[in-house]
Amino acid sequence: MRNIKTDMNRLWDSLMEMGSLGETDKGGVNRLTLTDLDRQSRDLFKRWCEEAGCTVTVDGVGNMFARRPGRDPNRKPVVSGSHLDTQPTGGKFDGAYGVLGALEVVRTLNDAGVETEAPIEVAVWTNEEGSRFSPAMMGSGAFAGVFGLDEVMTKQDSDGTSFGEALSAIGYDGEAAVGNREFDSYFEAHIEQGPKLEAAGLPVGIVTDAQGQRWLEVTVTGVESHAGPTPMEIRKDALVGASRMIHLVNQVGMNNLPNACATCGVIESFPNSRNVIPGRVFFTIDFRHPNDAILAKMDHEFKQGAAEIAEEIGLELDIKDFWYFPPTPFDADCVDAVRKGAELHGHGSMDIISGAGHDAVYMAGLCPTGMIFVPCENGISHNELERASKEDLSAGCDVLLHAMLDRATRT
Ligand code: HGY
Ligand code: MN
Ligand code: MN
């Protein structure tokens with residue numbers, strides 16, 4: 001059993017077919033969560049899983065679980081998966097690789113006629129990206145009890161559509177209870193979404209930890225006034241204040257290298273008219289660091305500096321702590337199973353900390369969890385130019401197969 005391999009071409013073909021749903025002109029994917037394209041991707045996944053002999057259940061926030069029976073139905077399942085929703089300018093591999101890589105493991109076990117002791121499940125988590133509805137990782141977070149059901153269902157997108165309305169509109173408001181179900185272990189295969197593996201020339205990343213994140217929402221309020229008659233020295237220009245604060249976010253990141261990350265992804269200026277001095281500006285902050293104390297220090301440095309800027313210009317400042325999760329170590333036994341898988345299949349590997357958040361972060365709070373990374377071209381992701389090689393994707397899938405077998409065949 002130890003030397004069975006997954007089917008590289010079948011995995012690639014599935015990724016390309018899934019990637020055609022929401023494909024963009026540049027070869028990326030725009031498949032936002034709980035849209036009709038998301039529905040189409042779920043329908044395709046469900047059909048493939050049923051063709052592979054799995055039974056598919058859907059829970060109350062749309063998380064999907066495709067179950068391949070094991071010899072002992074009472075054993076906790078070994079689960080692997082990721083997400084099918086993408087960023088608006090996403091790629092074919094972020095998320096879909098983890099879902100279809102796990103499905104490839106099931107298909108490979110079927111071909112080899114392998115019966116595992118424990119059942120195996122392939123999971124699709126709703127709204128991992130947190131782009132249309134924020135924050136990210138909402139489906140896995142609800143499953144892990146981090147977010148309440150009502151909190152999730154009432155989240156609204158920029159058009160005022162709620163998560164619950166969008167979920168039932170695509171018909172994936174499932175019957176199964178959300179969470180309260182034990183897993184033996186959880187593994188997630190994912191592209192690295194950064195440059196390290198490609199730079200090292202290695203096909204496999206053994207993910208030891210995921211860095212912590214703090215998301216903030218900032219509203220700066222000044223005085224909306226006429227761009228002409230208002231003298232410069234008396235202006236309370238919210239956009240000038242916000243732009244200095246956004247520069248400060250970048251400085252906080254640069255002051256906490258080598259591992260800090262600091263990003264302002266969303267900015268809205270009101271009234272957004274050429275000849276009106278902006279009265280109000282909203283922007284978001286995404287701070288990340290593998291060390292919790294430094295992550296807290298970054299948060300503090302920003303809040304202190306922003307208050308000084310607001311004071312100096314005479315602006316009102318409101319900062320909301322929107323989302324936080326601490327740096328997350330993965331389970332030593334699962335990390336070891338991934339390492340052994342890479343060695344068994346002769347794939348070069350290195351330990352790596354995940355810069356991105358993944359559903360695996362919330363699973364790590366529920367059960368032994370591990371992740372496998374593979375390189376992506378130029379480390380680019382959350383970009384339509386996201387690319388990964390057939391060979392690397394296949395290598396990571398072989399490692400996933402081994403890690404899952406290691407857990408699912410234990411007696
Ligand atoms: O933001 C993240 O790290 C993930 O891509 N949702
Ligand atoms: Mn992802
Ligand atoms: Mn992503």
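What you see is a predicted model, and the numbers here were worked out from it, not measured in a lab.

Rules and cut-offs
Residues numbered from 1 in each chain as written. Chains lettered and ligands numbered in written order. Predicted model: local features only at pLDDT ≥ 70, side-chain atom pairs only at ≥ 80, totals over all residues. Heavy atoms only, no water. Core = buried A, V, L, I, M, F, W, Y, C linked by side-chain atoms within 4.5 Å. Buried < 20%, exposed > 50% of the residue type's maximum accessible area, 1.4 Å probe, protein only. Helix = DSSP H or I, 4+ residues; strand = E, 2+ residues; numbered from the N terminus. Contact = heavy atoms within 4.5 Å. Phe/Tyr/Trp six-rings, centres within 6.5 Å; stacked < 30°, edge-to-face > 60°. Lys NZ or Arg CZ within 6 Å of the ring centre and 35° of its normal. Expected span 1.5 Å × (residues − 1). Arc of directions from axis to C-beta. Polar contact = N/O pair within 3.5 Å; in protein donor to acceptor, adjacent residues only side chain to side chain. Near = heavy atom within 4 Å. Areas by Shrake-Rupley, 256 points an atom, 1.4 Å probe, with all protein chains shown as cover. Nonpolar A, V, L, I, M, F, W, Y, C, P; charged D, E, K, R; others polar. Donors = N, O, S within 2.8 Å, 3.2 Å for Na, K, Ca; no water. Salt bridge = Lys/Arg side-chain N within 4 Å of Asp/Glu carboxyl O.

> Explain the nonpolar core to me, and be specific about the residues and the numbers.
Counting 93 residues, the largest nonpolar core has Met 18, Phe 45, Phe 187 and Leu 393 as the members making the most contacts within it. In terms of residue count, helix α12 (residues 390–408) provides more of this core than any other element does, 10 residues in total. Every residue in contact with Phe 45, bar those within four places of it in the chain, is listed here: Met 18, Met 64, Ala 66, Leu 84, Val 99, Val 122 and Val 124. By size, the runner-up hydrophobic cluster in this structure holds 22 residues, among which are Met 245, Leu 248, Ala 260 and Ile 285.

> Got a sec to walk through the packing of aromatic side chains? Specific residues and values, please.
Applying the stated rule across the entire model yields 13 aromatic pairs. For the pair Trp 12 and Phe 93, a centre-to-centre distance of 5.8 Å together with 35° between the ring planes defines the contact as tilted. Of this pair, Trp 12 sits in helix α1 (residues 8–19) while Phe 93 sits in the loop between β3 (78–82) and α3 (96–112); the two residues are 81 residues apart in sequence, bridging distant segments of the chain. Since its relative accessible area comes to 21%, Trp 12 is described here as partly exposed. Each ring, one from Phe 65 and one from Phe 143, has its centre 5.6 Å from the other, and the planes form 45°; the classification is tilted. On the criterion of sequence distance, the pair formed by Phe 65 in strand β2 (residues 64–68) and Phe 143 in helix α4 (residues 138–143) is long-range, its members being 78 residues apart. For Phe 143, a relative accessible area of 4% puts it in the buried group. Every member of this aromatic cluster is reached through a ring pair, and the members are Phe 65, Trp 125, Phe 143, Phe 183 and Tyr 186. Over the aromatic face of Phe 270 sits the side chain of Arg 280, whose NZ or CZ is 4.5 Å from the ring centroid.

> Quick one: what's the story with α1, residue by residue and with numbers?
Residues lying three or four places apart along an α-helix face the same way, a consequence of the helix completing one turn every 3.6 residues. Taking 1.5 Å as the rise per residue, α1 with 12 residues should run 16 Å; its terminal C-alpha atoms sit 16 Å apart, in good agreement. Among all positions in α1, only Leu 11, Ser 14, Leu 15, Met 18 and Gly 19 are buried. One side of α1 holds all its buried residues, which, seen down the axis, span an arc of 130°. Looking at the packing, one finds that the buried side of α1 touches α2 (36–51), α3 and α12. Of the residues flanking the start of α1, the one acting as N-cap is Asp 7, its side-chain oxygen 3.0 Å from the backbone nitrogen of Asn 9.

> How would you sum up the site of ligand 1? Please name residues and give values.
Surveying the vicinity of ligand 1 reveals the residues Glu 128, Glu 129, Ala 136, Gln 213, Arg 288, Ala 356, Gly 357 and His 382. Between ligand 1 and Glu 128, the relevant distance is 3.0 Å, taken from a nitrogen atom to a side-chain nitrogen or oxygen of the residue. When the free accessible area of ligand 1 is taken as 210 Å², the share hidden by the protein chains comes to 94%. Among the residues making up the shell around ligand 1, the classes are represented as two nonpolar, three polar and three charged.

> Can you tell me about the coordination of the manganese ion (ligand 3), naming the residues and giving the values?
Every protein donor of the manganese ion (ligand 3) is accounted for by Asp 94 (OD), Glu 129 (OE), Glu 129 (OE) and His 382 (NE2), and the metal-donor separations fall at 2.2 to 2.5 Å. Sequence spacing of the donors to the manganese ion (ligand 3): D-x34-E-x252-H. Between the manganese ion (ligand 3) and the manganese ion (ligand 2) the interatomic distance amounts to 3.5 Å, and Asp 94 serves as a bridging ligand to the pair. Of this pair, Asp 94 sits in the loop between β3 and α3 while Glu 129 sits in the loop between β4 (120–124) and α4; the two residues are 35 residues apart in sequence, bridging distant segments of the chain. The residues Asp 94 and Glu 129 share a single accessibility class, namely buried.

> Can you tell me about the pattern of salt bridges, naming the residues and giving the values?
Considering all chains together, one arrives at 28 salt bridges under this definition. A salt bridge links Lys 92 to Glu 23; its shortest N-O distance comes to 2.8 Å. You can see Lys 92 sitting in the loop between β3 and α3 and its partner Glu 23 sitting in the loop between α1 and α2, a full 69 residues away along the chain. With relative accessibility at 44%, the residue Glu 23 sits in the partly exposed group. Between Asp 43 and Arg 39 there is a salt bridge whose closest N-O contact spans 2.6 Å. Here Asp 43 and its partner Arg 39 are both found in helix α2, four residues apart, which amounts to about one turn of the helix. Residue class for Arg 39 comes out partly exposed when judged on its relative accessible area of 25%. Look at the salt bridges and you will find they share partners, linking Asp 184, Asp 333, Asp 406, Arg 407 and Arg 410 into a network.

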